[in-house]
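Analysis of the macromolecular model
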Amino acid sequence: MRLEIEDLRVALSGREVVSGVHLLAGDGEIVGLVGPNGSGKSTVLRTVYRHLRPTAGKVLLDGDDIRDLTARQAARHVAALPQERGTDFELSVREVVAMGRTPYKRAFAGEDPEDREIITTALEQVGMAADAGRGFSTLSGGERQRVLLARAFTQRPDVLVLDEPTNHLDVRHQVELLALLREHRRTTVVALHDLNAAASVCDRLHVLHDGAVVASGTPREVLTSELMAGVFGVRAAVVDHPLTGDPLIAFDHRAPADVPVVA
Ligand SMILES: Nc1ncnc2c1ncn2[C@@H]1O[C@H](COP(=O)(O)OP(=O)(O)OP(=O)(O)O)[C@@H](O)[C@H]1O
């Protein structure tokens, strides 16, 4: 399914925080949203999973405005791993993951064998099958993250919207999650702070700065030393990753771009 965002504008508390964003994720494409803190990444994603209503512009799924869908129809197409993650679930891990089947069930209908299979598979995919009976609220931040990803998978969505999915994850689980996205490829829009992770997993990137897209293209086209200095305010060299050949951004962590390095 193709996701298109057309001239999106969002105002929050009277201030326009997203101003005229265009974005395209083709069928099966993994598109990254990167940009400094406060640049508007989460706001754009919230309009896709209908948590926020744009002031102007449209979010289109295969050309249809998502505002014209019922909540149930939208939930069959779009699953989200949002930034606002519930911490007070009184449910077990399995029950949280099973919530992903709700858009497919009639009211009070129980699980059928297909649901059970989908739930078990999703728990296995994120490595949480052994914890299925635990209380969700007893999990660590990274474990919760993986369970919520499993819930998004059980929705069997055409479009996956992920806001910082690797937050809280140790490096092994970051790598596993990004590999899962590629393995179970579907149209995906993902906000990532880790630009090296974005370079390795995303087909294309959109760079947001002050609520506008300032660069779009493949990671190699977009992630340049000039962009690192101009948008992120840091010094960096972009080299080829010695193992994968992907662009590898080697940051100078000693001082920001506009501050002289102290020897
Ligand atoms: N409820 C709100 N009311 C007013 N302003 C808001 C609200 N939510 C977000 N903003 C502002 O909108 C702008 C964009 O925020 P957003 O969370 O989309 O940025 P982001 O790129 O996801 O940032 P981060 O990398 O820090 O997660 C920021 O300036 C933020 O302060």
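The structure displayed is predicted, hence computed values, not measured ones.

**Description of the site of the ligand**
Around the ligand, the surrounding shell consists of L12, S13, V17, G35, N37, G38, S39, G40, K41, S42 and T43. Broken down by element, the shell around the ligand gets its largest block of residues, 3 residues, from helix α1 (residues 41-48). Of the residues belonging to the shell around the ligand, the class tally is 2 nonpolar, 8 polar and 1 charged.

**A short note on the sheet that holds strand β6 (residues 78-81)**
To summarise the sheet geometry, strands pair through backbone hydrogen bonds and adopt either a parallel or an antiparallel arrangement. The strand order across the open sheet formed by 6 strands is β6-β7-β8-β3-β9-β10, and the pairing between neighbours is mixed. What marks the edges here is a single partner per strand, and that holds for β6 and β10 (212-217). Each adjacent strand pair in this sheet contributes to an overall mean axis angle of 15°, direction not counted. Across 5 bridges, strand β9 (residues 204-209) lies against β10 in antiparallel orientation. Bridge pairing links L208 to V213 in β10. The strands touched by helix α5 (residues 141-154) are β6 and β7 (159-163); relative to β6, the strand with the most contacts, the crossing angle is about 180°.

**Points about the nonpolar core**
Side chains of a nonpolar character, in soluble globular proteins, are inclined to be buried together. Counting residues in each nonpolar core, the largest one holds 68 residues, and the members touching the most others are V97, V147, A150, V161, V189 and A198. No other element matches α5, which puts 6 residues into this core. When residues of this core are assigned to domains, at least three map to each of domain 1 (3-223) and domain 2 (230-263). Beyond its immediate stretch of four places on either side in the chain, A150 contacts V97, A122, L123, Q125, V126 and M128.

**As for the pairing of strand β3 (residues 30-34)**
Among the 5 residues of β3, 5 are classified as buried, and the element is accordingly described as predominantly covered. Residues of β3 alternate between two faces, with I30, G32 and V34 on one and V31 and L33 on the opposite face, all of them buried. When β3 meets strand β8 (residues 187-191), the two strands line up parallel, connected through 4 bridges. Bridging from a neighbouring strand, L33 pairs with A191 of β8. In the sheet, β3 pairs with β9 via 4 bridges, with the strands oriented parallel. Its bridge partner lying in β9, V34 is registered against V207.

**A few points about the sheet that holds strand β2 (residues 15-25)**
Strand order in the open sheet formed by 4 strands is β2-β1-β4-β5, and the pairing between neighbours is antiparallel. Each of the sheet's edge strands pairs with one partner strand only, and the pair in question is β2 and β5 (64-65). Pairing of strand β1 (residues 3-12) with β2, which is carried by 8 bridges, proceeds in the antiparallel orientation. The partner of V10 across the bridge, within β2, is V18. Strand contacts of α1: β1, β2 and β4 (56-61), with the helix running at about 115° to β1, the strand carrying the most contacts.

Calculation notes
- Residues numbered from 1 in each chain as written.
- Predicted model: local features only at pLDDT ≥ 70, side-chain atom pairs only at ≥ 80, totals over all residues.
- Near = placed C-beta within 6 Å.
- Helix = DSSP H or I, 4+ residues; strand = E, 2+ residues; numbered from the N terminus.
- Nonpolar A, V, L, I, M, F, W, Y, C, P; charged D, E, K, R; others polar.
- Pairing = 2+ DSSP bridges.
- Axes fitted to C-alpha atoms, helices over the stretch in contact; angles between N-to-C directions.
- Contact = placed C-beta atoms within 7 Å.
- Core = buried A, V, L, I, M, F, W, Y, C linked by C-beta atoms within 7 Å.
- Buried ≥ 20, exposed ≤ 12 C-beta atoms within 10 Å, placed from the backbone.
- Domains from an automatic or database assignment.

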